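This is what each chain is made of:
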Amino acid sequence: MIEKVCVIGLGYIGLPTAAIFAKAGYHVLGVDINNKIVSTLTKGNIHIEETGLRKVVTEAVQSGKLKADIKPAPSDVYIIAVPTPVHDDNTANIDAVIQAVQSILPYLRKGNIVIVESTVPPGTIQDVVVPMLKKAGWVLENNDIYLSYCPERVIPGNILHELIHNTRIVGGYTREAASESAKVYRKVVKGEVLETEAAAAEMAKLMENTYRDVNIALANELVKISKKLNINAHEVIRLANKHPRVNIHQPGPGVGGHCIAVDPYFIVEKAENEAKLIKLARDINQSMPSFVASHVKLLISHIENPKVALLGLAYKGNSDDIRESPAIQVYRLLKNLNGIRINIYDPYIKQENINIDLVSLDKALSEAHLAVVLTDHKEFKQFDAQLFIKNMKTPVIFDTRDCISLKNNGIKVYKIGHLKEAEEMTENVIKSRKMKYKVNIKKVKKN
Ligand SMILES: NC(=O)c1ccc[n+]([C@@H]2O[C@H](COP(=O)([O-])OP(=O)(O)OC[C@H]3O[C@@H](n4cnc5c(N)ncnc54)[C@H](O)[C@@H]3O)[C@@H](O)[C@H]2O)c1
């Protein structure tokens, strides 16, 4: 009988997971190596922004069902949700997974269920976790320990809902492990719980995000083609997606977050010669921050000491998540330009969580020559044209997310999918300035 659940890693995945098990009545111990996170949770507070999470965590802590500590304790189920970033060479860094498995070894008892939720390269359960458990004396083929891989596929901003309602894939090292682990999820999940092998579950998780990365790369490539051919890529995508079996994704300033921007590399690492399309898609998406930065430069090229407002730093709308954020890369590419002044506004990110200065919206827009929308926060979609007209020196917006819908004569919005007109505008301004200059020279000469 399952009474105690221990969740290792209390981030965007681990904390909501711990919270829903606690809400379902289990005694949950959340474990994190970060002392600050543990003390924040112990007080019933949370350290990440996620819809509805504060209430569930506070209630769970107050009821005594959710506790936090820096080290594990004996439990019936161990769920590992620690980070798996990439090294500088884009290979997976699974050190935290290894440390997490190491940390539970002293507490394991026969019949325990161990589930890895962290995203890992294909074969990690078989090649890394299984040997660790075997070395500790457990015979997994006999189901001494039920070992499974169960990936997460939630969307930040709606994690609590999706944790419960999404279909889950449970890949067991043995058939019995899949079955026992699936029973755990069925206690809290209302969606389907599919049982399979660990390696298939690992690869399914990676292919989900790779599918999206490749599709976004296609949209980003269309942006570049459309600029060359002077076509509106947004209109093309809208029309093409009317086909009943076509779903081209949205272009943007690049791909961020801990999943889509990272997971495809885990496949490339294991099958470099075969994963050609996957690698190319990564390269295309990685090129987008510099594509955006070069068009910001273009749009301000005729302005002396330009002031630019960057709107949104999070990698996706309605979230404070800045991991791998392309908006931050855009900022880094622009910040050292000669004479440029940059102000950044993001309504979701708390200043204490980022070492880049943020300002209020009014301050960011005040006297600005260009506003660059880098994140599709819902507040940005409701922007009023007057805000830009009143505050900015020149009310010009570069919308890299196609999320601004301002129709006003006093304002100019350039969309990432229709940049030829931005180029033409800049060329015209520069040309007209040269003409004026020539006229002026003649005037000076006459005088
Ligand atoms: N965030 C998402 O939307 C998402 C979606 C699907 C899958 N994933 C995957 O889930 C895993 C966790 O992601 P996340 O977003 O929750 O990460 P996160 O960085 O938000 O949180 C991870 C937490 O684990 C803690 N930690 C690190 N090493 C530890 C250890 N040895 N013992 C205990 N705690 C440790 C960190 O201090 C941190 O608080 C990753 O593999 C990620 O790729 C994330």
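Remember, it's a predicted structure, so these values are computed and weren't measured experimentally. (Residues numbered from 1 in each chain as written. Predicted model: local features only at pLDDT ≥ 70, side-chain atom pairs only at ≥ 80, totals over all residues. Heavy atoms only, no water.)

*Asks:* When you look at the domain arrangement of the protein chain in this model, what are you seeing that I'm missing?
*Replies:* Accessible area lost on assembly of the parts is the figure often given for the size of an interface. Each assigned domain of the protein chain is listed with its residue range as follows: domain 1 (4–197) and domain 2 (208–447). The interface of domain 1 with domain 2 comprises 17 residues on the first partner and 15 residues on the second. Across the interface of domain 1 and domain 2, roughly 1500 Å² is buried in total on both sides, 56% from carbon and sulfur atoms. Counting across the interface, domain 1 meets domain 2 through 2 salt bridges. Taken together, the connections running from domain 1 to domain 2 amount to 4 residue pairs in polar contact (both at pLDDT 80 or more). Class assignment for the residues of the side of domain 1 that touches domain 2 results in 11 nonpolar, 4 polar and 2 charged. (Domains from an automatic or database assignment. Contact = heavy atoms within 4.5 Å. Buried area = accessible area lost by both parts, 1.4 Å probe. Salt bridge = Lys/Arg side-chain N within 4 Å of Asp/Glu carboxyl O. Polar contact = N/O pair within 3.5 Å; in protein donor to acceptor, adjacent residues only side chain to side chain. Nonpolar A, V, L, I, M, F, W, Y, C, P; charged D, E, K, R; others polar.)

*Asks:* How do you make sense of the UniProt feature "domain: UDP-glucose/GDP-mannose dehydrogenase C-terminal" (unreviewed entry) in the protein chain when you look at a structure like this?
*Replies:* Sequence positions flagged by UniProt for "domain: UDP-glucose/GDP-mannose dehydrogenase C-terminal" (unreviewed entry) are, in local numbering, residues 309–406. Helix makes up 26% of residues 309–406 and strand 16%. Its end C-alpha atoms lie 17 Å apart. (UniProt positions renumbered as here; feature names shortened; annotations may be inferred. Helix = DSSP H or I, 4+ residues; strand = E, 2+ residues; numbered from the N terminus.)

*Asks:* What's the story with the side chain of Lys307 in this structure? I'm lost.
*Replies:* In this fold, Lys307 is placed in strand 9 (residues 307–311). Put simply, Lys307 is tucked away with no salt bridge, and the nearest opposite charge, on Glu367, sits 7.5 Å away. Within the structure, the side chain of Lys307 is placed 2.3 Å from the backbone oxygen of Ser366, a separation counted as a polar contact. Setting aside anything within four residues of it in sequence, one finds Lys307 in contact with Arg341, Asn343, Lys363, Ala364, Ser366, Glu367, Ala368, His369 and Leu370. (Buried < 20%, exposed > 50% of the residue type's maximum accessible area, 1.4 Å probe, protein only. Lys, Arg positive; Asp, Glu negative; His and termini not counted.)

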